[in-house]
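Breakdown of the fold
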Amino acid sequence: MNPMTDTTPENPLPDTKPEPAAVRRGSVVAYWWDRVGIFLVLLILIALMAALAPNFLSVDNAINVARSVSINAILAAGLTVVILTAGIDLSVGSILAVAGVGSVLLAVDGVPTPLALLGGILIGAVAGALNGAFVAWLALPAFIVTLGSMTYLRGLAYSLLDGQPLVASDLGFRGIGNGSVAGIPQPVIVMVVVYAIFWFLLERTRFGRHVYAVGGNMEAARLAGINVKRVLLSAYMLAGAAAGVAGLIFSARVLSAQPTAGQGYELDAIAAVVLGGTSLAGGRGRILGTLVGAVIIGVLSNGLILLDVPFFYQLIIKGVVIIIAIALDSLKRFSRAGT
Amino acid sequence: MSESTAPLLEVEGISKRFGATLALSNVSFDVRAGEVHALMGENGAGKSTLMKIISGNYQPDTGSIRISGSPVTMASPRDAMAAGVAIIHQELNTIPEMTVAENLATGNEPLRFGMLDRRTMVAQAREKLARVGADIDPNRPIGQLSVGMQQMVEIARAVAENAKVLVLDEPTAALSRTESQQLFELIRSMRSRGMGLVYISHRMEEVWELADRVTVFRDGQLIGTRDMRADGPEQVGPGDIVKMMVGRDIDDLYVRNAHQSGDVRLAVRDLTGPGDIGPVSFDVRGGQVVGMVGLIGAGRTEVARLIYGADRRTGGAVTLDGEPLDVHSPIDGIKAGVGLLPESRKDQALFLDLSVKDNIGMSTLRDHSSAGVVRSGSLLTAVRGVMDQLKVRSNALKLESRALSGGNQQKLVLGRLLLQKPKLLILDEPTRGVDIGAKSEIYRLINEIAGTGAAVLVISSDLPEALGISDELLVMRNGRIVATLDARHADEERVMQHATGVYDDGATTTETAGTAR
């Protein structure tokens, strides 16, 4: 028998008071919803699309969806960390652009490919760290700080290129946008690696626990001896680095440096995070949920295209899905609060 | 009060089941006009479920509710209000940015030509406040008022809406002594006007002071109702009530520290902080439990936070084991061997979304990780060990801390501190909002920790507790220590006289066992 469930008779006092059963029942539902609810939504969506669109269920289309999901999923991975700290980062789309442009410029200038790639990620990390510094040390609201950096970084991307896209058809790292290994597109491999790293960070490291603690109760985290500022800085830096990686893939995919790259991507990324069950209030959520959230958005877009749904209706459907997801999140919170 | 009239509120045979748990089992209870009826019981005993039923938040599975003799159904809080039942919750229900008048008018704003009629609104507010004898400016934002005054405003609103039965859920939890006294005055005056009051509290002395009848709950059962005005053989004492609450005798709730004090570990000299705190000087020895008492706002919490590094000091020197304790953040405090249990469990200590394990381990993850990666086996062993010590069942490991009772939540925070193996442990209101069973556990733990040679400083607003568990008492007033008393020989009255400044001769008093009184 599992020793953990063993209640010894020499412990006659009910140590854990019988909680009001409503809490327990609610938490069972919440527990399973937290873990499998979003997968269920994905499965239902896939079944629906498979029934409606005959060419949906094919290996080619699955690879297609995976490839198209990768950039958003990578942005969303970084954003998950920030949102878990009860923050937000609106600048990830602009960071993607600056990092993408920077890496192409480096490559075009003859910098070796690995260094150009590293440069792009570094640009993202630095831009993110700046966000984090403003949020942590000046205690500015993340929404405003990253709204500002979204704008100045976009301006930077334009100014690096004098406003014109720069075509680089023989880009050294074009493979990570268009290449495949054993039939699996390289951007998908990069995505999997990014998720493995972020999963490890959040689930297995001290930093990960601190992220949840800071997002759940910042004052308690401070009093418990957590370096809250450093956690915040790191979270935004990670979001920036992830956006940098997404920028590399974007540039490689279009074989050019595009100052307009990633415009509006932050919204899809936020949607993926929230769909994946991470609470915008911070402290609750899982990185793998975000991946599923991103895939849901990808499957939805792909399916709607296959079904020849006009673009503007696609937008309406996507918007409604996001609102439903957020409503589910707040319902969960209500059921927890109403004890 | 005539005996023949029907009670204001009667519930009969109420049961309520949640899943497998019977939260209330066949409960009958009534509130008469002109009485204060106290409800007591440990957390989770069924008091809140009953209150949620009579305020229309829950529907009972069986049983009936009658108001002044006629049956009613309360499908919503609005129905309850219409029937004349109002609740003042522990957490205030006010909108801080709005003025007192606006708060009082919410949902029923006076209009003039379709526009808000401010003048009438303020006049109505004055009238409502006057009815409860509250001298509060209706134009002040309510968030600027003390908790006690905000509570008055809420009561004024309930009275204005013609509540006949008013339920007060732990109303003094956040009040100073003066504010509590004002509240008691108001409760008595509402009683004399024929209202029925339900008073939920953990504090025995308040119940003693106010209640006409006491009903005790345990595990969803109504254990009994006692008439507090009865004399002779029917007369009830505090021991009877406690016995009803826990189902057994508690011979000695307080566990007096049994250990010899060793050398001075914490030495505080002329410590000052923002907000006119200090200068304070005192020592805590190893194995000694020092209680810090005083009125709300006397500066006790502030001193604790200055020692821990949670707030910036403006002067003075603190040493721990002779080493200077120069801390600029809680990180420094913990590194130097100081543990702090903060005043507010929910706001300052707990991570409600995280598991019991994460909550206990949070401050000592560094000891259980290599290169930033948590060694989960090693952490688990440590957490299990501390849970045994706390007598918390280990199958609670993965539960969200949100799901635990107040007492068990407090034990988690204590567990986190135990893992830090502090040289100095500062406990700020360690038993606030905690049931009696958990209280005695916490006292036992404090004693145990002192036994390991740690210095323990306990801040408490519960005087019998402070007197019962400490070796020495520091009484604070206006940011300074005004008296150092031997806790074994001090009494509540003496402490209050120092705390309120009856002996205001500007000097610090030291009384030991030998000092005659």
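Being a predicted model, the structure only gives us computed values, none of them experimental. (Residues numbered from 1 in each chain as written. Chains lettered and ligands numbered in written order. Predicted model: local features only at pLDDT ≥ 70, side-chain atom pairs only at ≥ 80, totals over all residues. Heavy atoms only, no water.)

A word on the overall build of chain A. In terms of helices and strands, chain A carries 13 helices and four strands. Buried residues in chain A amount to 48% of all 339 residues. Residue pairs at least 24 apart in sequence account for 80% of intrachain contacts in chain A once pairs closer than 6 positions are excluded. (Helix = DSSP H or I, 4+ residues; strand = E, 2+ residues; numbered from the N terminus. Buried < 20%, exposed > 50% of the residue type's maximum accessible area, 1.4 Å probe, protein only. Contact = heavy atoms within 4.5 Å.)

What chain B contains, in helices and strands, is 17 helices and 25 strands. Rg of the C-alpha trace for chain B: 25 Å, near the compact-globule value of 24 Å for 517 residues, within the 12% margin. The C-alpha extent of chain B, read off along each of the three principal axes, is 70 × 55 × 55 Å. The burial tally for chain B puts 55% of its 517 residues in the buried class. Taking as baseline every contact in chain B between residues at least 6 positions apart, the subset at least 24 positions apart corresponds to 67%. Of the roughly 21800 Å² of accessible surface on chain B, a fraction of 47% belongs to carbon and sulfur atoms. (Rg over C-alpha atoms; globule rule 2.2 N^0.38 Å. Areas by Shrake-Rupley, 256 points an atom, 1.4 Å probe, with all protein chains shown as cover.)

Residue and element names in this part refer to chain B. Spatially, β14-β13-β16-β17 is the arrangement adopted by the four strands of the open sheet, whose pairing is antiparallel. Looking at strand neighbours, the two that pair on one side only are β14 (277–285) and β17 (323–324), the edges of this open sheet. Pairing analysis gives two bridges linking strand β16 (residues 315–320) to β17, with the strands arranged antiparallel. Paired with L320 across the strands is E323, a residue of β17. Sheet strands in contact with helix α9 (residues 300–308) are β13 (264–273) and β14, and its direction is about 110° off that of β13. (Pairing = 2+ DSSP bridges. Axes fitted to C-alpha atoms, helices over the stretch in contact; angles between N-to-C directions.)

What follows covers the environment of B:S401. All names here are of chain B. Residue placement: S401 occurs in the loop between α13 (376–390) and α14 (406–419). For S401, a relative accessible area of 0% puts it in the buried group. Note: C-alpha distance between S401 and L473 (72 residues apart in sequence) is 33 Å. In terms of polar contacts, S401 uses its side chain to reach the backbone carbonyl oxygen of F351, at 2.9 Å. (Polar contact = N/O pair within 3.5 Å; in protein donor to acceptor, adjacent residues only side chain to side chain.)

A few words on the pattern of salt bridges. For the structure on display, the rule yields 31 salt bridges over all chains. Notably, a salt bridge pairs A:K318 with A:D268, separated by 3.5 Å at the nearest N-O pair. Remark: A:D268 occurs in helix α11 (residues 265–275) and A:K318 occurs in helix α13 (residues 311–337); sequence separation between them is 50 residues. The class of A:D268 is partly exposed, set by a relative accessible area of 25%. A salt bridge links B:D276 to B:R480; the nearest nitrogen and oxygen atoms lie 3.4 Å apart. Here B:D276, found in the loop between β13 and β14, pairs with B:R480, found in strand β24 (residues 480–486); they are 204 residues apart in sequence, far enough to count as distant. (Salt bridge = Lys/Arg side-chain N within 4 Å of Asp/Glu carboxyl O.)

Before going further, it helps to spend a moment on the pairing of β16(B). All names here are of chain B. Sheet analysis places β13 next to β16, joined by five bridges and oriented antiparallel. Bridge pairing in β16 links T272 to G315. Turn length for the β16-β17 hairpin, with the two strands adjacent in sequence and antiparallel, is two residues, and the turn residue D321 shows positive phi of about 55°.

Moving on, we get to the confidence of the model for chain B. Per-residue pLDDT for chain B has a mean of 86; in total, 94% of the residues score no lower than 70. Ignoring residues within four places in sequence, the model shows residues 513–517 of chain B, a span with pLDDT below 50, making eight contacts including any to other chains. (pLDDT = per-residue confidence, 0-100.)

Residue and element names in this part refer to chain A. With 17 residues, helix α3 (residues 92–108) ought to run about 24 Å at 1.5 Å a step, and its terminal C-alpha atoms sit 24 Å apart, in line with that. Counting buried residues in α3 gives 13 out of 17 residues, a clear majority hidden from the surface. Where α3 ends, the next residue or the one after it, G110, has phi of about 95°, a positive value. (Expected span 1.5 Å × (residues − 1).)

What follows deals with the side chain of B:Q348. Among the secondary structure elements, B:Q348 is positioned in helix α11 (residues 345–349). Judged by its relative accessible area of 16%, B:Q348 is buried. A polar contact is formed between the side chain of B:Q348 and the backbone nitrogen of B:E343, at a distance of 3.4 Å. Ignoring sequence-local partners within four residues, the contact set of B:Q348 consists of A:N217, A:E219, A:A220, A:L223, B:R305, B:P342 and B:E343.

On to the pairing of strand β10 (residues 196–200) of chain B, then. All names here are of chain B. For β10, a buried count of five out of five residues is recorded, marking the element as mostly surrounded by other parts of the structure. The alternating pattern of β10 places G196, V198 and I200 and L197 and Y199 on opposite faces, both of which are buried. Across five bridges, the pairing between strand β3 (residues 35–40) and β10 is parallel. In the strand pairing of β10, E35 is matched with G196. Of the pairings in the sheet, the one linking strand β9 (residues 165–169) to β10 comprises five bridges and is parallel in character. By the bridge assignment, V165 is partnered in β10 with G196. The β-α-β motif built from β9, the intervening helix α6 (residues 177–192) and the parallel element β10 has right-handed crossover chirality. (Right-handed = clockwise from strand over helix to strand, strands pointing away.)

Of all hydrophobic cores here, the largest spans 145 residues; its most connected members are B:V214 and B:L427. Broken down by element, this core gets its largest block of residues, 15 residues, from helix α10 (residues 228–254) of chain A. The contacts of B:L427, once residues within four sequence positions are left out, are B:L341, B:L414, B:L417, B:I446, B:V456, B:L457, B:V458 and B:I459. Residues B:V36, B:A105, B:V153 and B:Y199 belong to the second largest nonpolar core, which totals 35 residues. (Core = buried A, V, L, I, M, F, W, Y, C linked by side-chain atoms within 4.5 Å.)

Turning our attention to a nonpolar patch on the surface. Residue and element names in this part refer to chain A. A cluster of nonpolar side chains, F312, Y313, I316, I317, V320, I324, L328 and L331, forms an exposed patch at the surface whose accessible area comes to about 750 Å². Looking at the element boundaries, F312 is found in helix α13. Look at F312 and you get exposed, because its relative accessible area is 52%. (Patch = residues over 30% accessible without salt bridge, like charges linked within 9 Å, V, L, I, M, F, W, Y side chains within 5 Å.)

Looking now at the packing of helix α4 (residues 113–137) of chain A against helix α5 (residues 142–160) of chain A. Residue and element names in this part refer to chain A. Where α4 meets α5, the closest approach of the two axes is 9 Å, and the angle between their N-to-C directions is 150°. The handedness of the crossing between α4 and α5 comes out as right-handed. Mapping the contact onto sequence places A127, L130, N131, F134 and V135 in α4 and A142, V145, T146, S149, Y152 and L153 in α5. A breakdown of the residues in the contact of α4 with α5 according to their chemical character gives eight nonpolar, three polar and no charged. (Left-handed = near helix turned anticlockwise from the far one by under 90°. Nonpolar A, V, L, I, M, F, W, Y, C, P; charged D, E, K, R; others polar.)

All names here are of chain B. One open sheet holds the six strands; their spatial order is β6-β9-β10-β3-β11-β12, and the pairing between them is mixed. Either end of the sheet is taken by a strand with one partner, and the two such strands are β6 (85–88) and β12 (221–227). If you compare each strand with its neighbour and ignore which way they point, the axes differ by 20° on average. In this sheet, β12 lies alongside strand β11 (residues 213–218) in antiparallel orientation, the contact comprising six bridges. If you follow R213 over to β12, its bridge partner there is D227. Against the sheet, helix α5 (residues 147–160) engages β6 and β9, with an angle of about 175° to β6. Lying on the sheet, α6 is in contact with β3, β9 and β10; it crosses β10 at an angle near 145°.

Bringing the confidence of the model for chain A into the picture now. In this model, chain A carries an average pLDDT of 87, and 86% of its residues clear a pLDDT of 70 or more. When the criterion is pLDDT under 50, residues 1–25 of chain A qualifies, and its contacts beyond four places in sequence or with other chains add up to 36 contacts.

Attention now goes to unusual backbone geometry. All names here are of chain B. Along the chain, G278 connects to P279 via a cis peptide bond; the corresponding omega equals 0°. Mapped onto the elements of the fold, P279 is located in strand β14. Positive phi values are uncommon outside glycine, yet D270 reaches one of about 50°. Relative to the assigned elements, D270 resides in strand β13. Judged by relative accessible area, D270 falls into the partly exposed class, the value being 48%.

Turning to the domain arrangement of chain B, a few remarks are in order. Along its sequence, chain B is carved into domain 1 (9–96 + 162–246), domain 2 (252–337 + 422–517) and domain 3 (355–421). Just the C-alpha atoms count here: the centres of domain 1 of chain B and domain 3 of chain B sit 36 Å apart. (Domains from an automatic or database assignment.)

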